[in-house]
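What the coordinates show
Here's the letter readout for the chains.
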Amino acid sequence: MLELLFLLLPIAAAYGWYMGRRSLKQKQNSAQKKLSRDYFTGLNFLLSNESDKAVDLFISMLDVDDETIDTHLSLGSLFRKRGEVDRSIRIHQNLIARPNLATEQRDMAMMELGKDYMAAGFYDRAEEIFLNLVSQDDHSEEAETQLISIYQTTKDWQKAIDITKRLPRKSQQGLKPVIAHFYCQLAEEADEEAGKLKGFQAALKQDPQCGRALLSLANAYLDAGQLPQAKQMLNQLIDADAELFADALACARQLYQELKDIEGYRELLAHAIDKGAGASVVVALAQRMIEDGDIKGAE
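A few words on the side chain of Ser77. The topology assignment puts Ser77 in helix 3 (residues 69-81). Those residues in contact with Ser77, other than ones at most four positions away along the chain, are Ser88, His92 and Glu112.

Quick look at the structure:
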């Protein structure tokens, strides 16, 4: 009898293990069914334009399974894209408030909340969040890009320039035309001519093809009596952006009058036309020919 008992013990242990596994699996299946049912209900609320009920349900489901966090991030992003920023903010704030949230997940939720604030026009709150995320290696570049967008919107050009300097060199190279634009904005807002000149020169260092900076420098050098420099800027402008040269016609005409080089003026206009300058430059050249008595050439 005792020997039979010892033989039955492994069977009893195996049966106990099997029943325990079965019970656990049943509980897991039950939880998964409830989770699926809740998600289905939430989606119905969304499709029925009952967004507030959907938000309440999805937030309550956070207590069920931490693996739903990615889904909630996507849901918040969806609300933001639909223009329902208040609901997106609510979802992301509730995510961040969870005490057991992993650091990486919290940073992701903070990034999304910062984007919510930007969409809502709360730039000071968004700036504070992105400045905190700049120090996180996994999110620094995206946070810096978002900060640049904020400073462009708020026209804080110096801050935008400062942030671009923190980006990786490869990213800075791609942003050089944008950075040149920031320097041009700073130059135009400067009170003194020296500040304007410095800003446009800085823009040209970032992007030698920046037509805006070339045109502005041509006018600035002309006003300062630096005629060779003005002439150089006009020639560079034709090569960089011939279509923009139409805006430089008054500057070019005055420059070559002061240089007493009418033939040089005609050659400049002809060069611009060859590079693709528009009808305004063609008309200007024809007018110059008429003034010079070259009626046939003007025709």
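Moving on, we get to the confidence of the model for the protein chain. Here the protein chain averages 82 in pLDDT, and 77% of its residues register 70 or above. Of the regions scoring below 50 in pLDDT, residues 1-15 engages in zero contacts with residues more than four places distant in sequence or in other chains.

The next point concerns the environment of Gly297. When you line up the elements, Gly297 lands in helix 17 (residues 295-298). Given the relative accessible area of 39%, Gly297 is considered partly exposed. C-alpha of Gly297 to C-alpha of Leu285: the two residues are 12 residues apart in sequence and 9.7 Å apart in space.

Not every positive phi belongs to a glycine, and Lys155 is a case in point at roughly 60°. Examined against the element boundaries, Lys155 turns out to sit in the loop between helix 7 (140-154) and helix 8 (157-164). In this structure, Lys260 takes a positive phi of about 55° despite not being glycine. Its place among the elements puts Lys260 in the loop between helix 14 (249-258) and helix 15 (262-274).

Grouped together as the largest cluster of nonpolar side chains are 70 residues, with contacts concentrated most on Phe130, Leu234, Phe245 and Leu269. Counting residues per element, this core draws most heavily on helix 12 (residues 211-223), at seven residues. Those residues in contact with Leu234 that sit more than four places away from it in its chain are Ala218, Phe245, Ala248, Cys251, Ala252, Leu255 and Leu268.

On inspection of all chains with the given rule, the structure shows three aromatic pairs. Ring centres of Tyr256 and Tyr265 lie 6.2 Å apart, and the angle between their planes is 45°; on these two criteria the pair is classed as tilted. We note Arg125 situated over the ring of Phe122; from NZ or CZ to the ring centre the distance is 4.8 Å.

Where helix 11 (residues 193-206) contacts helix 12, the two axes come as close as 9 Å, and the packing angle between them is 145°. Seen from above, helix 11 lies across helix 12 with left-handed handedness. On helix 12, the residues that touch Leu197, Phe200, Gln201, Ala203 and Leu204 of helix 11 are Ala213, Leu214, Ser216, Leu217, Ala220 and Tyr221. Its residues assigned to classes, the contact of helix 11 with helix 12 shows nine nonpolar, two polar and no charged.

So, how was this worked out
- Residues numbered from 1 in each chain as written.
- Predicted model: local features only at pLDDT ≥ 70, side-chain atom pairs only at ≥ 80, totals over all residues.
- Heavy atoms only, no water.
- Helix = DSSP H or I, 4+ residues; strand = E, 2+ residues; numbered from the N terminus.
- Contact = heavy atoms within 4.5 Å.
- pLDDT = per-residue confidence, 0-100.
- Buried < 20%, exposed > 50% of the residue type's maximum accessible area, 1.4 Å probe, protein only.
- Core = buried A, V, L, I, M, F, W, Y, C linked by side-chain atoms within 4.5 Å.
- Phe/Tyr/Trp six-rings, centres within 6.5 Å; stacked < 30°, edge-to-face > 60°.
- Lys NZ or Arg CZ within 6 Å of the ring centre and 35° of its normal.
- Axes fitted to C-alpha atoms, helices over the stretch in contact; angles between N-to-C directions.
- Left-handed = near helix turned anticlockwise from the far one by under 90°.
- Nonpolar A, V, L, I, M, F, W, Y, C, P; charged D, E, K, R; others polar.

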